[in-house]
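Remarks on the overall topology
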Amino acid sequence: REREREAQAAVAEATMTAEPDYESILIVKPDVNVYRIPPRASNRGYRAADWKLEQPDWSGRLRITAKGKVAYIKLEDKVSGELFAQAPIDQYPGIAMETVSDSSRYFVIRIQDDNGRSAFIGIGFSDRGDAFDFNVSLQDHFKWVKQESEINKQSQSQDSVPKLDLGFKEGQTITLNIGVTVCLTVCL
């Protein structure tokens, strides 16, 4: 399973490095449940125990894609592939995707429609391994984004530093002593 995640991350990284406008698939999970969640009561965070876990409002497939620096959590119908909802994630961890305080299998995401309206919904996985893969794929993507920005910063800072000229100046000479002595003897 870990090798599969590493391979997926390597393919996604190579694809995004080559063409930043290309949409790549980071992970697909065939079974995810969606829940309507009550408003947050306080700053303590969301709790999955407050949801109706035995009665999900929708079930389908989850696909995480990346286009440039933004990851998209897409909830799709299992059979037709029709998009149910989409959550753009531009920062992780952030407000667009949060873990719940009482379980490792449930998350709160901020979905958005084409008009910019947004809502918070809960998603959950029946398998803890699927939830782990979901979380790690987002972490890997934003780790790559951070590395790309650091590389860009380094290349920009190197452009502003004057280059060191190590070439010979006109009329300058150099002497090399290699330390090899040649001894000729004649043996009969």
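The rules behind each value
Residues numbered from 1 in each chain as written. Predicted model: local features only at pLDDT ≥ 70, side-chain atom pairs only at ≥ 80, totals over all residues. Heavy atoms only, no water. Helix = DSSP H or I, 4+ residues; strand = E, 2+ residues; numbered from the N terminus. Contact = heavy atoms within 4.5 Å. Polar contact = N/O pair within 3.5 Å; in protein donor to acceptor, adjacent residues only side chain to side chain. Pairing = 2+ DSSP bridges. Axes fitted to C-alpha atoms, helices over the stretch in contact; angles between N-to-C directions. Buried < 20%, exposed > 50% of the residue type's maximum accessible area, 1.4 Å probe, protein only. Salt bridge = Lys/Arg side-chain N within 4 Å of Asp/Glu carboxyl O.

**As for the environment of D77**
Examined against the element boundaries, D77 turns out to sit in the loop between β3 (70–76) and β4 (83–89). Linking D77 and P30, residues 47 residues apart in sequence, is a C-alpha distance of 9.6 Å. The contacts of D77, once residues within four sequence positions are left out, are W58, R61 and E82. A distance of 2.9 Å separates a polar side-chain atom of D77 from the backbone nitrogen of S80.

**Description of the side chain of K74**
With respect to the element layout, K74 can be found in strand β3. At 3.0 Å, the side chain of K74 and the side chain of E23 are in polar contact. What K74 contacts, discounting residues up to four positions off in sequence, is E23, R61, L62, R63, T65, L83, A85 and Q86.

**Considering the sheet that holds β3**
Within the open sheet, the seven strands sit side by side as β4-β3-β2-β1-β7-β6-β5. Their pairing is antiparallel. Looking along the sheet, the strands with just one partner apiece sit at the ends: β4 and β5 (97–99). If you compare each strand with its neighbour and ignore which way they point, the axes differ by 35 degrees on average.

**Things to note about the pairing of β3**
For β3, a buried count of six out of seven residues is recorded, marking the element as mostly surrounded by other parts of the structure. Bridge count between strand β2 (residues 58–67) and β3: seven bridges; the pairing is antiparallel. Residue pairing in the sheet places R63 in a bridge with K74 of β3. Hairpin geometry of β2 and β3 is characterised by an intervening segment of two residues between the two adjacent antiparallel strands and by a positive phi of about 70 degrees at G68. Sheet analysis places β3 next to β4, joined by six bridges and oriented antiparallel. By the bridge assignment for β4, A71 is matched with I89. Two successive antiparallel strands, β3 and β4, enclose a turn made up of six residues, where G81 displays a positive phi of approximately 80 degrees.

**Here we look at the pattern of salt bridges**
One pass over the full model with this rule turns up eight salt bridges. Its salt-bridge partner being D50, residue R47 comes within 3.9 Å of it at the nearest N-O pair. The partly exposed category is assigned to D50, whose relative accessible area is 41%. Residue D113 pairs with R117 through a salt bridge whose shortest N-O separation is 2.8 Å. In the salt-bridge network here, residues are joined through shared partners; they are K29, D130 and D133.

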